[in-house]
Amino acid sequence: MEKIKRFISKKDLVITLIVGSIGCLIMAFMYALSQFQERPFSELSRDMLSVLGGRIGTGLLSNVGIILWGVAFSLLACGWFIRTMNKEKGAGTILALGLITLLLYLDDFLMIHEFVIRDILGLPEESMMVLYFVVVLMIMGMKWKFLWPEGLKFLILGFLFLGGSAGLDTVYKYVYIPNIHIFEDGSKLLGICFWTMFSIVVFTQSFEVRGKRNMWYGRD
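All values derive from a computational prediction rather than experimental measurement.

Here is what the cut-offs are and how they apply
Residues numbered from 1 in each chain as written. Predicted model: local features only at pLDDT ≥ 70, side-chain atom pairs only at ≥ 80, totals over all residues. Heavy atoms only, no water. Helix = DSSP H or I, 4+ residues; strand = E, 2+ residues; numbered from the N terminus. Contact = heavy atoms within 4.5 Å. Areas by Shrake-Rupley, 256 points an atom, 1.4 Å probe, with all protein chains shown as cover. Axes fitted to C-alpha atoms, helices over the stretch in contact; angles between N-to-C directions. Parallel < 35°, antiparallel > 145°, perpendicular 65-115°, else oblique. Left-handed = near helix turned anticlockwise from the far one by under 90°. Nonpolar A, V, L, I, M, F, W, Y, C, P; charged D, E, K, R; others polar. Buried < 20%, exposed > 50% of the residue type's maximum accessible area, 1.4 Å probe, protein only. Polar contact = N/O pair within 3.5 Å; in protein donor to acceptor, adjacent residues only side chain to side chain. Salt bridge = Lys/Arg side-chain N within 4 Å of Asp/Glu carboxyl O. Phe/Tyr/Trp six-rings, centres within 6.5 Å; stacked < 30°, edge-to-face > 60°. pLDDT = per-residue confidence, 0-100. Core = buried A, V, L, I, M, F, W, Y, C linked by side-chain atoms within 4.5 Å.

Looking at the overall build of the protein chain
Turning to step 1, where the next piece is worked out: Tallying secondary structure elements over the protein chain gives ten helices and zero strands in all.
Turning to step 2, where the next piece is worked out: When the helices and strands of the protein chain are placed in sequence order, the string is α-α-α-α-α-α-α-α-α-α.
Turning to step 3, where the next piece is worked out: The contacts of the protein chain with a sequence gap of at least 6 include a subset with a gap of at least 24, amounting to 62%.
Turning to step 4, where the next piece is worked out: Counting every atom, the protein chain has about 14800 Å² of accessible surface; 71% of that belongs to carbon and sulfur.

Looking at the packing of helix α9 (residues 152-171) against helix α10 (residues 180-205)
Turning to step 1, where the next piece is worked out: Where α9 contacts α10, the two axes come as close as 7 Å, and the packing angle between them is 160°. One element, α9, and the other, α10, form an angle in the roughly antiparallel class. Taken as a pair, α9 and α10 cross one another with a handedness that is left-handed.
Turning to step 2, where the next piece is worked out: Per-class residue counts for the contact of α9 with α10 are 15 nonpolar, five polar and three charged.

Section: the side chain of Thr204
Turning to step 1, where the next piece is worked out: Mapped onto the secondary structure, Thr204 falls in helix α10.
Turning to step 2, where the next piece is worked out: Taking relative accessible area as the criterion, Thr204 reaches 11% and is therefore assigned buried.
Turning to step 3, where the next piece is worked out: A polar side-chain atom of Thr204 sits 3.0 Å from the main-chain carbonyl oxygen of Val201.

Digging into the pattern of salt bridges
It is possible for side chains bearing opposite charge to pair when their charged atoms get close.
Turning to step 1, where the next piece is worked out: Enumeration over the complete set of coordinates arrives at two salt bridges.
Turning to step 2, where the next piece is worked out: Asp108 serves as the salt-bridge partner of Lys188, at 2.8 Å between the closest nitrogen and oxygen. One end of the pair, Lys188, is in helix α10; the other, Asp108, is in helix α6 (residues 91-110), with 80 residues separating them in the sequence.
Turning to step 3, where the next piece is worked out: Relative accessible area serves as the criterion here: at 14%, Asp108 is assigned to the buried category.

Let's talk about the packing of aromatic side chains
Turning to step 1, where the next piece is worked out: If you walk through the whole model with that rule in mind, you get five aromatic pairs.
Turning to step 2, where the next piece is worked out: Summarising the aromatic geometry, the rings of Phe133 and Phe159 are spaced 5.0 Å apart at their centres and angled 85° between planes, so their arrangement reads as edge-to-face. In this pair, Phe133 is assigned in helix α8 (residues 126-142) and Phe159 in helix α9, connecting sequence segments 26 residues apart.
Turning to step 3, where the next piece is worked out: Assessed through its relative accessible area of 13%, Phe159 is described here as buried.

What about the confidence of the model for the protein chain?
Turning to step 1, where the next piece is worked out: Looking at the protein chain, pLDDT values average 81 and 83% of them are 70 or higher.
Turning to step 2, where the next piece is worked out: Note on residues 209-220: pLDDT is under 50 here. Beyond four places in sequence and across chains, it has 20 contacts.

Some points on the nonpolar core
Turning to step 1, where the next piece is worked out: Counting residues in hydrophobic clusters, the biggest one holds 24 residues, and the most contacted among them are Leu155, Trp195 and Phe198.
Turning to step 2, where the next piece is worked out: Contributing elements (two or more residues each) for this core: α5 (60-85), α6, α8, α9 and α10.
Turning to step 3, where the next piece is worked out: With residues up to four places along the chain from it excluded, the contact list for Trp195 reads Trp69, Ala72, Leu76, Ile100, Thr101, Leu104, Val136, Phe154, Leu155, Gly158 and Leu162.

A short note on the environment of Ile200
Turning to step 1, where the next piece is worked out: Locating Ile200 in the fold gives a position in helix α10.
Turning to step 2, where the next piece is worked out: The class for Ile200 is partly exposed, based on a relative accessible area of 29%.

If you want it as structure tokens, here you go:
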């Protein structure tokens, strides 16, 4: 009995109950959504390819981008936490960029600007993209000293490639471009890759201690 108590502490039980409760709440929400939309619960619970009968690889590039968004947000969140605990400067800037990354992640995953903004609210989907870019530009303009030089260059590259993808998407509505998705989705993926690289730099620099060498570039 004593061994069991050492293996499963009260703290472990509390965490288990919290995690289990979150899982149950998610399941309850999905069931309520299925009832509200009058559709089978299996459409919300099963893999998309199984529901739609798609071929293996359908939407693979998009899924890779979504995974990278999740990685980028996780790294920025950890970087913000470490800087906050160490009372280092720049934690607020990293938090702001982390929240923007989370919003971009959810937008890509749930297709917010395509359906929620355009179909439900009746606003042009470009309005959401403009909002993203304005906010990121403001952060880079006001807080560049916390991102320069190691991280800022990757953030700028990510910003430019994502902007190029959004621009191509807008142009394609008026001008036909052969194989547009190769350039549009390719530019988007490159943008996400550079954004993720920026988050890696932020995360590794968060371990920097005053008076010691930077673990990412080995400079003081």
